[in-house]
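Next come the chains, spelled out residue by residue.
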Amino acid sequence: MNAMDLERAKVHEADACLVLANKYCPDPDAEDAANIMRVISIKNYSDDIRVIIQLMQYHNKAYLLNIPSWDWKQGDDVICLAELKLGFIAQSCLAPGFSTMMANLFAMRSFKTSPDMAAWQNDYLQGTGCEMYTETLSPTFTGMTFSQASELCFVKLKLLLLAIEVKPEDGGDPKISINPRRSKLPTNTVGFFIAQSAEEVKRAWFYCKACHEDVKDENLIKKCKCKHLMTFRKGVRAIQLVGKTMANKTGATPATPFSAALSKPLLNIKNSVMAKEENGSKPVMNGRPTNKPADQQKNGKMEVGIADDQAKDFDFAKTEMKYDSTGMFHWTPARSIEDCILDRNQAAMTVLNGHVVVCLFADPDSPLIGLRNLVMPLRASNFHYHELKHVVIVGAVDYLRREWKTLQNLPKISVLNGSPLSRADLRAVNVNLCDMCVILSAKVPSNDDPTLADKEAILASLNIKAMTFGDIITNIESMGDSKDALNNMGDTTVKRPGPIYGTNVPMITELVNDSNVQFLDQDDDDDPDTELYLTQPFACGTAFAVSVLDSLMSTTYFNQNALTLIRSLITGGATPELEIILAEGAGLRGGYSTPDTLSHRDRCRVGQISLSDGPLATFGEGRKYQDLFVASLRNYGMLCIGLYRLRDAALTTVDATSKRYVITNPPFDFGLLPTDQVYVLLPFERKQSRFSFSETEV
């Protein structure tokens, strides 16, 4: 805040300035306000310095947009802890363990396996050594589809290509496209890779079909002397040097090898098809499609107040789909919290199944944690409406009333006014039949004893694990005729019997203090001083701590695109346009389903597929990971990125007490088991998928 101190620190000569937040502060809003003032002071002293700031609360991001010299194109960026933390947890509801995989990807660690360690620990540790890198693809890749390029990278170069940078033809800002379909790769495409080192990723830059097609050892793929490749490389480096000179002149950050321009956009579904399918059968009023019945249109009046084309009696449940104004999220007219509150008896009579239970500890005056960041990724428009998992929040209604303004436009949310420590409340919401139970706390940790900061979360976790559900299952099965309730509450395709013991309820617990992870698992042998990423609950994806996001600061500094990729994977598709809308403070706005907004649905999402049954079952019978990778990509357009394996590999069936661990990007010759589950990036399917992605076996 003091210009003299900034002078002494030579901020004007610095490459970047990183502003860290105190994650354990009693007042997150005050902490954010102080840090935003620090950014204003730094930018006032040196307006072209690159600033990367940590913020606690999502709604405070809007204030950064008000700083005149704040410019993300210069490399300024914000890491919002609430947005990313809850986004990671949300993705774990869709693919258990995914939070661990992503956290390890940006942690920048090297790994060392040891014969003294258990086999599962060595497999897990190999994955923790993986990081995210960007590199320009060689001319050999020009004209290939993304699937062909990804297959070549994996089979020949032993690299996992996740995404590419796409520059729109209209000269707009480059966008990152994850596992795109139908687009051909232009020259100088920048690829996003998961690999063990930057040296490995250079293979994609050096690869030459003429020289390397017959090379069996990927380590021998080095720079070759082909004329066209030499010309290409000189051209690309020249472009980069020119970019660097221009950037230095204008005060921007130097261009990096990741910023090469691309010439073709990602091709979306044809507008004419989208318009015909979505709008063709709807009545038209004032030149726009509307969902109002014809008899209500005759008087020429439309009641206003909910959204542009929706009247107050609009019933969302009877329409096929409706999205927000950006087309990125499912949207529903605002409902009051009273309409969504269930009491214990109502919850017990509703057949909840395949849902997400959020156990929330909060006092009426606790700081808001931004539950919207947890629910929005689960409401992304690349899910069909019937695939959305119902979210049931168990907690104090007085606190939730304050959060409700940000949740009122998101469909399929219920609230049980109760306590996450009450077994009766947990039974009422069928916690044994949920796809994921999330344990969160909004309470401010006291500074007296850091161990007590997570006492509620730990007690709730142990409470659920100690429960038994044998008597509940028979009741659920006898209610097989309650189809209406199932239709109202979520996915009707999942009617599996729930676990008998609470130890087998899928759970993820958020911790404030890393060392408290030792109390979550009573049967693990983790030393209290073990680093979080090495502990069993973290490796299994059942614990998450906000401290893992600290390393994202350095990842962002070295590679700004990595944060953009992680954010788009985690948030379900939040865009700068959406952030400006949310910054207005009026919440999500509903919008017309135009061909343009509907095309935004065509983006991939995270999923988890079992090898015990379904089209990929044959690969669980002793086949190699590379076979699965190639077949999934060719036949289904799915990009495999890792495995979720039983810790006790000797088990041949999914055992009631089994635990799983995460293997990020396994080696190509890694053997598969029938009980394995595969993390995949799924393309959007306009029709019902042939896989049941809502089903997550424990």
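Residues numbered from 1 in each chain as written. Predicted model: local features only at pLDDT ≥ 70, side-chain atom pairs only at ≥ 80, totals over all residues. Heavy atoms only, no water.

Here Asn409 is to be found in the loop between α15 (397-403) and β13 (413-417). Residue Asn409 is classed as buried on the basis of its relative accessible area of 8%. Residues within four places of Asn409 in sequence aside, it is in contact with His330, Trp331, Thr332, Pro333, Ala334 and Leu588. (Helix = DSSP H or I, 4+ residues; strand = E, 2+ residues; numbered from the N terminus. Buried < 20%, exposed > 50% of the residue type's maximum accessible area, 1.4 Å probe, protein only. Contact = heavy atoms within 4.5 Å.)

A few words on the packing of aromatic side chains. Here the structure, examined in full by the defined rule, presents 9 aromatic pairs. Plain terms: the ring middles of Phe141 and Tyr207 are 6.2 Å apart, the flat faces sit at 50° to each other, and that makes the pair tilted. Here Phe141 is found in the loop between β4 (131-136) and α7 (146-155), whereas its partner Tyr207 is found in the loop between α8 (198-206) and α9 (209-212), with 66 residues between them in sequence. Of the residues examined, Phe141 reaches a relative accessible area of 1% and is grouped as buried. Assessed through its relative accessible area of 3%, Tyr207 is described here as buried. Arranged with centres 5.8 Å apart and planes meeting at 55°, the rings of Tyr644 and Tyr679 form a pair that is tilted. Of this pair, Tyr644 sits in strand β18 (residues 639-646) while Tyr679 is found in strand β20 (residues 677-682), placing the two residues 35 residues apart along the sequence. As far as burial versus exposure is concerned, Tyr644 and Tyr679 are alike and both buried. Through a chain of ring-to-ring contacts, the aromatic side chains of Phe88, Phe106 and Phe544 assemble into a single cluster. Above the ring of Phe668, the side-chain terminus of Lys158 is found at 4.4 Å from the ring centroid. (Phe/Tyr/Trp six-rings, centres within 6.5 Å; stacked < 30°, edge-to-face > 60°. Lys NZ or Arg CZ within 6 Å of the ring centre and 35° of its normal.)

Another aspect to go through is the sheet that holds strand β1 (residues 17-19). Pairing is parallel across the open sheet formed by 3 strands, whose spatial order is β1-β2-β3. Of all strands in the sheet, those bounded by a partner on one side alone are β1 and β3 (77-80). Strand-to-strand twist across the sheet, computed as the mean angle between neighbouring axes with direction ignored, equals 10°. Contacting β1 and β2 (51-55), helix α2 (residues 28-45) crosses the sheet at an angle of about 170° to β2. Lying on the sheet, helix α4 (residues 81-94) is in contact with β2 and β3; it crosses β3 at an angle near 55°. (Pairing = 2+ DSSP bridges. Axes fitted to C-alpha atoms, helices over the stretch in contact; angles between N-to-C directions.)

Considering the arrangement of structural elements, one finds Ser446 in the loop between β14 (436-441) and α17 (455-465). When its relative accessible area of 40% is taken as the criterion, Ser446 is described as partly exposed. Separated by 420 residues in sequence, Ser446 and Pro26 have C-alpha atoms that sit 8.0 Å apart.

Examined against the element boundaries, Tyr63 turns out to sit in helix α3 (residues 61-64). Placed 30 residues apart in sequence, Tyr63 and Ala33 show a C-alpha to C-alpha distance of 8.9 Å.

Two faces make up the sheet, and in a regular strand the side chains alternate between them. When you tally the buried positions in strand β17 (residues 605-610), you get 6 out of 6 residues, the bulk of the element. Side chains of β17 alternate between two faces, with Arg605, Gly607 and Ile609 and Val606, Gln608 and Ser610 buried alike.

Attention shifts here to a nonpolar patch on the surface. A contiguous nonpolar patch, built from Met1, Met37 and Ile40 and spanning about 300 Å² of accessible area, is present on the exposed surface. Among the secondary structure elements, Ile40 is positioned in helix α2. The class of Ile40 is partly exposed, set by a relative accessible area of 35%. (Patch = residues over 30% accessible without salt bridge, like charges linked within 9 Å, V, L, I, M, F, W, Y side chains within 5 Å. Areas by Shrake-Rupley, 256 points an atom, 1.4 Å probe, with all protein chains shown as cover. Salt bridge = Lys/Arg side-chain N within 4 Å of Asp/Glu carboxyl O.)

To continue, consider unusual backbone geometry. Of note in the backbone geometry, Asn188 takes a positive phi value of approximately 60° without being a glycine. For Asn188, the position within the fold is in the loop between β6 (175-178) and β7 (190-195). In this structure, Lys412 is a non-glycine residue whose phi angle is positive, near 55°. Among the secondary structure elements, Lys412 is positioned in the loop between α15 and β13. Using a relative accessible area of 9% as the deciding quantity, one classes Lys412 as buried.

Across the interface, helix α21 (residues 551-558) lies against helix α22 (residues 560-571) with an axial gap of 4 Å and an inter-helix angle of 125°. In terms of orientation, α21 lies oblique with respect to α22. In this structure, α21 uses Leu552, Thr555, Thr556 and Phe558 to contact α22, whose residues at the interface are Gln560, Ala562, Leu563 and Ile566. Here the contact of α21 with α22 is built from residues that sort into 5 nonpolar, 3 polar and no charged. (Parallel < 35°, antiparallel > 145°, perpendicular 65-115°, else oblique. Nonpolar A, V, L, I, M, F, W, Y, C, P; charged D, E, K, R; others polar.)

Such coordinate-based values are descriptive only and should not be taken to indicate function.
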